[in-house]
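Structural description and commentary
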Amino acid sequence: MRALAAFSRFIGNTFALWVLLFAILAFFQPAWFLPATAWIVPLLGLIMFGMGLTLKAADFAEVARRPLWVALGVGAQFLVMPALAWLLCQLLGLPAEIAVGVILVGCCPGGTASNVIAWFSRGDVALSVAITAVTTLLAPLVTPALIWLLASAWLPVNFGALFMSIVQIVLLPIALGLVARRLLGNRVHQVVEVLPLVSVVSIVIIVAAVVAASQAKIAESGLLIMAVVVLHNGLGLGIGYLVGRLFGLPLAQRKTLSIEVGMQNSGLGAALASAHFSPLAAVPSALFSVWHNLSGALLATVYRRMKDERPEVR
């Protein structure tokens, strides 16, 4: 079990490398990964189940302890990235399916990868987990509402269908994870130790399946989509940091806000796009998954070296 846990940590720490490697492999050998498209939704549900297993009462206590900071992070998450997505689609005149895909990933809640990057960055991990948990729990209502509001100009959006999908692939697995944690008691720690391996394998398969299903479209429009993804992510990371500075947050919390705003649950974006729009609409989420882990790792090396002149507030 210790060897498996150590291997799981290694895979988790090299997450970006595996996503990039299999995305490239799926592009050149799409036939190998096309059958995995049927597993996109179940795999995301498995990731959310793992998130439920890791959630503790202390994560929600953080909301009560620092409600203003958590509210600021949640508000920034659901305002900055959707607004940036819509603006980029308008300025660049993106085709309908690509525009909807960009908006969709922008409207998703934060992903669990942000918690790891916050830790690497010497940010406020407790705040990061709290913001991720709250945005995820709000996602069934907020994400479909934002997609309907911002993306309806390009393609028809069914709010009810999106709501039910997010309940099924996000809220229900998280609830089951919480129940399993309660039933397992102390034994849950053995399961949690191998969760990075399960999560990385699941995300890698999701990304590879999306890339394989849209290989021809990526070959045609991949550079444009990648440019939008890089802009979207970079602006989100930068504006998130500036929002923290504007509201007078200490350095650790500014880093956390930057990471929470700029990093999305791109797996959810890919699953929703595949289920409700088209494989092409899922491509921005797939490329976002590849890129935000690379940019997050690079940003973490910069953030680790930054020092706050003021005493940190917790």
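Bear in mind the structure is a predicted one, so any value in this text is a computation, not a measurement. (Residues numbered from 1 in each chain as written. Predicted model: local features only at pLDDT ≥ 70, side-chain atom pairs only at ≥ 80, totals over all residues. Heavy atoms only, no water.)

A closer look at the packing of aromatic side chains
With the rule as written, the count across this model stands at five aromatic pairs. Centre to centre, the rings of phenylalanine 22 and phenylalanine 33 are 6.3 Å apart; their planes meet at 90°, and the pair counts as edge-to-face. Of this pair, phenylalanine 22 sits in helix 2 (residues 15-28) while phenylalanine 33 is found in helix 3 (residues 30-33), placing the two residues eleven residues apart along the sequence. For phenylalanine 22, a relative accessible area of 27% gives the class partly exposed. (Phe/Tyr/Trp six-rings, centres within 6.5 Å; stacked < 30°, edge-to-face > 60°. Helix = DSSP H or I, 4+ residues; strand = E, 2+ residues; numbered from the N terminus. Buried < 20%, exposed > 50% of the residue type's maximum accessible area, 1.4 Å probe, protein only.)

Re the UniProt feature "transmembrane region" (unreviewed entry) in the protein
This chain's UniProt record puts "transmembrane region" (unreviewed entry) on residues 12-32, 38-55, 67-86, 98-120, 127-151, 157-179, 191-211 and 223-244. Taken end to end, residues 98-120 is 74% helix and 0% strand, and its two terminal C-alpha atoms sit 32 Å from one another. Along residues 191-211 one finds 95% helix and 0% strand; the C-alpha atoms at either end are 30 Å apart. (UniProt positions renumbered as here; feature names shortened; annotations may be inferred.)

Some thoughts on the packing of helix 14 (residues 251-262) against helix 16 (residues 279-303)
Close contact between helix 14 and helix 16 brings their axes to 11 Å; oriented N to C, the two are set at 170°. Compared by their axis directions, helix 14 and helix 16 come out roughly antiparallel. Here helix 14 contributes Lys255, Ser258, Ile259 and Gly262 to the contact with helix 16, which in turn contributes Phe288, Leu299 and Tyr303. Each residue belonging to the contact of helix 14 with helix 16 can be placed in one class, and the counts come to four nonpolar, two polar and one charged. (Axes fitted to C-alpha atoms, helices over the stretch in contact; angles between N-to-C directions. Parallel < 35°, antiparallel > 145°, perpendicular 65-115°, else oblique. Contact = heavy atoms within 4.5 Å. Nonpolar A, V, L, I, M, F, W, Y, C, P; charged D, E, K, R; others polar.)

Digging into the environment of asparagine 293
With respect to the element layout, asparagine 293 can be found in helix 16. Between the C-alpha atom of asparagine 293 and that of phenylalanine 15, which follows or precedes it by 278 residues, the distance is 7.5 Å. Once you skip the residues sitting within four places of it in the chain, asparagine 293 turns out to touch Phe15, Ala16, Ala113 and Met263.

Details of the pattern of salt bridges
Within this structure, the stated rule accounts for one salt bridge. Aspartate 124 is paired through a salt bridge with arginine 66; the nearest N and O atoms lie 2.7 Å apart. Of this pair, aspartate 124 sits in the loop between helix 8 (113-120) and helix 9 (125-151) while arginine 66 is found in the loop between helix 5 (57-65) and helix 6 (67-92), placing the two residues 58 residues apart along the sequence. Like aspartate 124, the residue arginine 66 is buried in the burial classification. (Salt bridge = Lys/Arg side-chain N within 4 Å of Asp/Glu carboxyl O.)

Let's talk about the environment of alanine 209
Along the chain, the position of alanine 209 falls in helix 12 (residues 195-213). The exposure class assigned to alanine 209 is buried, which follows from its relative accessible area of 0%. As for alanine 209 and proline 279, which are separated by 70 residues in sequence, their C-alpha atoms are 9.5 Å apart. Not counting the four nearest positions on each side in its chain, alanine 209 is found in contact with Phe33, Ala36, Thr37 and Ile40.

Re unusual backbone geometry
In this structure, arginine 122 is a non-glycine residue whose phi angle is positive, near 60°. Relative to the helices and strands, arginine 122 is located in the loop between helix 8 and helix 9.

Brief notes about the side chain of serine 202
With respect to the helices, strands and loops of the structure, serine 202 is situated in helix 12. Sequence-distant contacts of serine 202, that is, excluding residues within four places in its chain, are made with Leu43, Leu46 and Ile47.

Looking at the packing of helix 6 against helix 7 (residues 96-106)
Where helix 6 meets helix 7, the axes come as close as 7 Å, and the angle between the chain directions of the two elements is 165°. By the angle between their directions, the pair helix 6 and helix 7 is classed as roughly antiparallel. Handedness of the crossing formed by helix 6 with helix 7: right-handed. Taking contact as the criterion, the partners of Met81, Pro82, Ala85, Trp86 and Cys89 in helix 6 are, on helix 7, Ala99, Val102, Ile103 and Gly106. Classifying every residue of the contact of helix 6 with helix 7 gives eight nonpolar, one polar and no charged. (Left-handed = near helix turned anticlockwise from the far one by under 90°.)

Brief notes about a nonpolar patch on the surface
A grouping of Trp86, Leu87, Leu91, Leu92, Leu231 and Leu235 is seen on the molecular surface, where their side chains present a nonpolar patch of about 550 Å² in accessible area. Mapped onto the nonpolar patch, the elements with two or more residues apiece are helix 6 and helix 13 (215-246). At four residues, the largest contribution of residues to the nonpolar patch is made by helix 6. With respect to the helices, strands and loops of the structure, leucine 92 is situated in helix 6. Leucine 92 sits in the partly exposed class, given a relative accessible area of 41%. (Patch = residues over 30% accessible without salt bridge, like charges linked within 9 Å, V, L, I, M, F, W, Y side chains within 5 Å. Areas by Shrake-Rupley, 256 points an atom, 1.4 Å probe, with all protein chains shown as cover.)

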